[in-house]
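# Architecture at a glance
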Amino acid sequence: KSNQDIELYKDSKKLSEAQREILSESIHKNHFVSIGWSTVEEIDQINILQATFLAMRRALEKVPVTFSKGAVLVDGRDVIPKLESFSQRAIIKGDQLVGEISAASIVAKVARDNFMKELSKEYVHYGFEKHKGYGTEFHRHQIQKFGVSKWHRQSFGGVKEFI
């Protein structure tokens, strides 16, 4: 809707959780947002990069036709494989340089963090609400102590050692 607030969006890694949540709410309110997900099984089968591209394609499938003439800006060095319906441009460090990519990064991080908080209600031993699934020392210790859940990516170091 509005390009006025694009300059507010910064690299999600440089924002506090509270800042990301406020900005994500604003982004959802003022812009078209589409989120795509990949499953744990897909990540383990095709690797994290290909699963990321798959999630991006899924998000783009939900984009209204009115946006189809726009270009997809991809954070990184590679464009999304097998995506013919949009022009694309890969931008290294795009989340630091391009407001639209930063906004997407913020929305994605908040969505994932919220998912991890929901998982923590059922899988209380792992502390997902604190580390959000990252391989912290505490997380690795909990995996060693309680085993691997169905939500752990079994191809990842810190998990595959305990299968």
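In this report, the structure presented in the accompanying data block is examined.

So, how was this worked out
- Residues numbered from 1 in each chain as written.
- Predicted model: local features only at pLDDT ≥ 70, side-chain atom pairs only at ≥ 80, totals over all residues.
- Heavy atoms only, no water.
- Buried < 20%, exposed > 50% of the residue type's maximum accessible area, 1.4 Å probe, protein only.
- Helix = DSSP H or I, 4+ residues; strand = E, 2+ residues; numbered from the N terminus.
- Pairing = 2+ DSSP bridges.
- Salt bridge = Lys/Arg side-chain N within 4 Å of Asp/Glu carboxyl O.

Take the pairing of strand E1 (residues 71–75) next. Regular strands have side chains that alternate between both faces of the sheet. In E1, alternate side chains face the same way, and those of Val72 and Val74 are buried while those of Ala71, Leu73 and Asp75 on the opposite face are not. When E1 meets strand E2 (residues 87–91), the two strands line up parallel, connected through five bridges. By the bridge assignment, valine 74 is partnered in E2 with alanine 90.

Another aspect to go through is the pattern of salt bridges. All told, the structure shown has 10 salt bridges when counted by the stated rule. Across the pair lysine 117 and glutamate 17 runs a salt bridge whose closest N-O atoms are separated by 2.7 Å. Residue lysine 117 is found in helix H5 (residues 99–122), and its partner glutamate 17 is found in helix H1 (residues 17–30); the two are separated by 100 residues along the sequence. A relative accessible area of 24% means that lysine 117 is categorised as partly exposed. Overall, glutamate 17 belongs to the partly exposed group, its relative accessible area being 30%. Lysine 109 is paired through a salt bridge with aspartate 113; the nearest N and O atoms lie 3.2 Å apart. Placement of the pair is lysine 109 and aspartate 113 together in helix H5, with a separation of four residues, close to one helical turn. Residue classification places aspartate 113 among the buried residues on the basis of a relative accessible area of 4%. It is possible to trace a salt-bridge network through shared partners that takes in Glu17, Glu21, Lys117 and Lys132.

These values are about where atoms sit, not about what they do.
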